[in-house]
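# Summary of structural features
Residues per chain are reported as follows:
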Amino acid sequence: MLPDALLRRCLYGINYLLQFYTHDVNKAWSKNDEMRNLSVPQDEHVTIPDLWTIELFPPSEFKTLAQSISRNSWDSQRLSFEYGQDKQDQLKRTRDSNGQSWWRLVSISDPAAPFTYPAGSTEKLPWPFSGIELTAIQVGAGLTAVVAHFQITPEASYSVDEVWHQMHEPQLIRRRGKLPKAEDRLFSGYRATQESRRALHDAARQWINRRCPGFFTRNNEPHPLIDMLLLEQHDPVRGERGERVFMDALRAIGLTEDTRYRTSPELPNIRLSRVETSLCPTLSTRTWTLWGNRSVLVESHDLRFYGSSDTRAIGHAVDQRIAEFFVLLSISDFIEVTEKQYSILRDTARARHGDFKARDVRRLRTSFLTLSLDTSSVAQDVTKLWNNERRRSEDVCFVLDLAPWLVAAYEEHERPRFTPIDMNNELRANQVDQLEQIVQADQSYRSILSTVASLGASIDTFKIGRIALLIAFASLLVAVVTLILTRESAEPAGSAEPVTTVEVTQSRGVSESPRFIRLSNSYLIKGDFSYSVESGADPVR
């Protein structure tokens, strides 16, 4: 038997070399094998003309939003319903519940873009954007959502399609600290195509991180994101079950929901799908997709007032309706991040603050203050939002149902019909319930924090008292030493006065003791006494 350490090394070496063998096998497979190759129909193409991302600003991030407006000079171009009202005033008024429910924060176009925004600005935008619009949407009094609409250049909008149609070869992916990974042509196509789509997402998230950071940026969390995918041939709303080969092609661009359909009557012929990171690990979490057939969308939407480009017109038409629903999705993400922060504070409180250090208690108190302030404010705002019938009636409502081909199969086999789910009502119920639980947990945490702070203050007071006693004792020693040194320096050697001896004899019959009063170098003796004084060698009577 080999020692365990040596056996583990041998197994690691075998698994390491096995990846190189698998890579050679993948290269040997036929390129016509549909099971191991990515096959995309030649007449099918995908375009990504627009995407949206969102940042939230609860009470703790209000100052950050005001600083972003000032730092980026977004107040130089004003577009307001009130003459002379700048964006800082608009922000304050909306937070006071006296302003609009939404307002345009800024519109930026690239100098090379074929369009400009009314009352917008022009600046060099990073790849792949030709225009960016930021819209502030107020949720209650304490929560502001900034929705960023990114318009992608025509060249970049076809970048995913170019990678999608390429011939992909097997790859050996080397990873730091891990075994290399052998990918065949199919999974190599998955990764390459999803990386090209991820590049568009990362560019949008990085821009919002730099120019308008808020809640998600502070917590190092990916921003919620929605992009639009337009197909040329396939209509995802029709409900036909695609062939396995074409389903692999859709998975390559991140579309894997074959059995669940999310549709809205306000956005006809458009499906809403969520990226499943378990099947598409290259893409990020909190990513949604609006996708449909381009020709069908042009026919089903009124695009007369959105310009000559059908692709850009579809993006603008969707932008008019999707922003409010996007805010509802982002609130669920806000709750998810808040629960994560509370769990971290709860699980690390004992390890980080077990010694009752005042600095650690202050840090814990600051964290709880931020979370408590944001949670309580957002809970009130979300409750008001869901109780606002006017705003609810204007929202886009999505319904979750089974795919039409699956519904037909249920009916064919006489199985019970799946009841469609109203996503808006489902979001409302989940958000209200989760926020109530967080508020209750926050109250318990704050009670514990108060106790910990009191104990920490008592221990700190005791420590300070001991330090004060040591300082007082040290001061006393210094004072005694100083007094001794001062007296010695005031009496120099050889200058002592001659010793004077006084002999006092008490008279008979007198019972009181003599009293001496010194006057300079002489003594005054009061009472009936006989005395003699010897000063030096001369007796005095």
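Values in this document were obtained by computation on a predicted structure and should not be read as measured data.

## Details of the overall build of the protein chain
- Of regular secondary structure, the protein chain possesses 14 helices and 19 strands.
- The 541 residues of the protein chain split such that 42% are buried.
- In the protein chain, the share of contacts with a sequence separation of at least 24, taken over all contacts with a separation of at least 6, comes to 70%.

## With respect to the nonpolar core
- The biggest cluster of nonpolar side chains holds 51 residues, and the ones touching the most others in it are Ile322, Phe325 and Phe398.
- In terms of residue count, helix α10 (residues 310–353) provides more of this core than any other element does, 17 residues in total.
- Among all residues touching Phe398, those that are not within four sequence positions of it are Arg262, Thr263, Ser264, Leu267, Leu272, Leu290, Ile322, Phe325, Ile421, Asp422, Met423 and Asn424.
- Counting residues in each nonpolar core, the second largest holds 46 residues, with Val46, Ala203, Leu225 and Leu250 among its members.

## Considerations on the packing of aromatic side chains
- Taken as a whole, this structure holds 9 aromatic pairs when the rule is applied.
- Where Tyr12 meets Tyr16, the ring centres are 6.4 Å apart and the plane angle is 25°; that geometry is what we call stacked. Of this pair, Tyr12 and Tyr16 both sit in helix α1 (residues 4–28), 4 residues apart, which is roughly one turn of that helix.
- Three or more aromatic residues link up through ring pairs in this structure, and these residues are Tyr12, Tyr16 and Phe20.

## Here we look at a nonpolar patch on the surface
- A grouping of Leu2, Leu6, Leu7, Leu11 and Ile14 is seen on the molecular surface, where their side chains present a nonpolar patch of about 430 Å² in accessible area.
- The topology assignment puts Leu11 in helix α1.
- Under the relative-accessibility criterion, Leu11 is labelled partly exposed at 45%.

## Thoughts on the pattern of salt bridges
- All chains considered together, the criterion is met by 21 salt bridges.
- A salt bridge links Arg286 to Glu221; the shortest N-O distance between them is 3.1 Å. Taken as a pair, Arg286 in the loop between β11 (267–274) and β12 (287–293) and Glu221 in the loop between α7 (215–218) and β9 (225–231) lie far apart in primary sequence, 65 residues in all. We note that Arg286, like Glu221, is buried.
- Bridged by salt links that share partners, the residues Glu221, Arg286, Asp333, Glu336 and Lys340 form one connected network.

## Some remarks on empty space enclosed by the protein
- Per the stated rule, a full pass over the model turns up 1 cavity of 30 Å³ or more.
- In this structure, the largest cavity occupies an estimated 130 Å³ of space.
- Elements with a minimum of two residues in the lining of the largest cavity: α8 (244–252) and β11.
- Considering every element that reaches the lining of the largest cavity, the biggest residue donor is α8, with 3 residues.

## Here we look at the packing of helix α2 (residues 62–71) against helix α3 (residues 87–95)
- The N-to-C vectors of α2 and α3 enclose an angle of 160°; their axes lie 10 Å apart at closest approach. It follows from the interaxial angle that α2 and α3 lie roughly antiparallel. Considering only the axes of α2 and α3, their crossing is right-handed. Where α2 approaches α3, its residues Phe62, Leu65, Ala66, Ile69 and Ser70 are matched on the opposing element by Lys87, Gln88, Leu91, Lys92 and Arg95.
- Residue composition of the contact of α2 with α3, by class: 5 nonpolar, 2 polar and 3 charged.

## As for unusual backbone geometry
- Along the chain, Trp127 connects to Pro128 via a cis peptide bond; the corresponding omega equals 10°.
- Within the secondary structure, Pro128 sits in the loop between β4 (121–122) and β5 (129–139).
- Phi at Ser73 takes a positive value of approximately 55°, unusual for a residue other than glycine.
- Positive phi outside glycine occurs at Arg286, with the angle close to 60°.

## Describing the confidence of the model for the protein chain
- When the pLDDT values of the protein chain are averaged, the result is 83; 80% of them are 70 or greater.
- Counted against residues more than four places away or in other chains, residues 79–84, with its pLDDT under 50, gives 8 contacts.

## Side note on the environment of Arg211
- Topologically, Arg211 is positioned in helix α6 (residues 185–211).
- The class for Arg211 is buried, based on a relative accessible area of 17%.
- For Arg211 and Ser68, which are 143 residues apart along the polypeptide, the C-alpha to C-alpha distance reads 6.7 Å.
- If we skip the residues at most four places from it in the chain, Arg211 touches Ser68, Arg71, Asn72, Trp74 and Glu123.
- A distance of 2.8 Å separates a polar atom in the side chain of Arg211 from a polar atom in the side chain of Asn72.
- In this structure the side chain of Arg211 is engaged in a polar contact, spanning 3.0 Å, whose partner is the side chain of Glu123.

## Observations regarding the environment of Tyr306
- Inspection of the secondary structure puts Tyr306 in the loop between α9 (294–300) and α10.
- Taking C-alpha positions, Tyr306 is 7.5 Å from Ala317, a pair spaced 11 residues apart along the chain.

## Let's talk about α8
- Of all the 9 residues making up α8, 7 are buried; the element is thus mostly covered by neighbouring parts of the structure.
- Turning to α8, its buried residues are Val245, Phe246, Met247, Asp248, Ala249, Leu250 and Ala252.
- Residues of α8 that are buried make contact with α5 (159–164), α6, β9 and β12.
- A positive backbone phi angle near 95° is found at Gly254, which sits one or two residues after α8.

What counts and how
Residues numbered from 1 in each chain as written. Predicted model: local features only at pLDDT ≥ 70, side-chain atom pairs only at ≥ 80, totals over all residues. Heavy atoms only, no water. Helix = DSSP H or I, 4+ residues; strand = E, 2+ residues; numbered from the N terminus. Buried < 20%, exposed > 50% of the residue type's maximum accessible area, 1.4 Å probe, protein only. Contact = heavy atoms within 4.5 Å. Core = buried A, V, L, I, M, F, W, Y, C linked by side-chain atoms within 4.5 Å. Phe/Tyr/Trp six-rings, centres within 6.5 Å; stacked < 30°, edge-to-face > 60°. Patch = residues over 30% accessible without salt bridge, like charges linked within 9 Å, V, L, I, M, F, W, Y side chains within 5 Å. Areas by Shrake-Rupley, 256 points an atom, 1.4 Å probe, with all protein chains shown as cover. Salt bridge = Lys/Arg side-chain N within 4 Å of Asp/Glu carboxyl O. 1 Å grid on protein atoms, 1.4 Å probe; cavity = no way out; pocket = protein on both sides within 12 Å on 5 of 7 lines; lining within 4 Å. Points joined across faces, edges and corners; volume = space filled by probe spheres on them. Axes fitted to C-alpha atoms, helices over the stretch in contact; angles between N-to-C directions. Parallel < 35°, antiparallel > 145°, perpendicular 65-115°, else oblique. Left-handed = near helix turned anticlockwise from the far one by under 90°. Nonpolar A, V, L, I, M, F, W, Y, C, P; charged D, E, K, R; others polar. pLDDT = per-residue confidence, 0-100. Polar contact = N/O pair within 3.5 Å; in protein donor to acceptor, adjacent residues only side chain to side chain.

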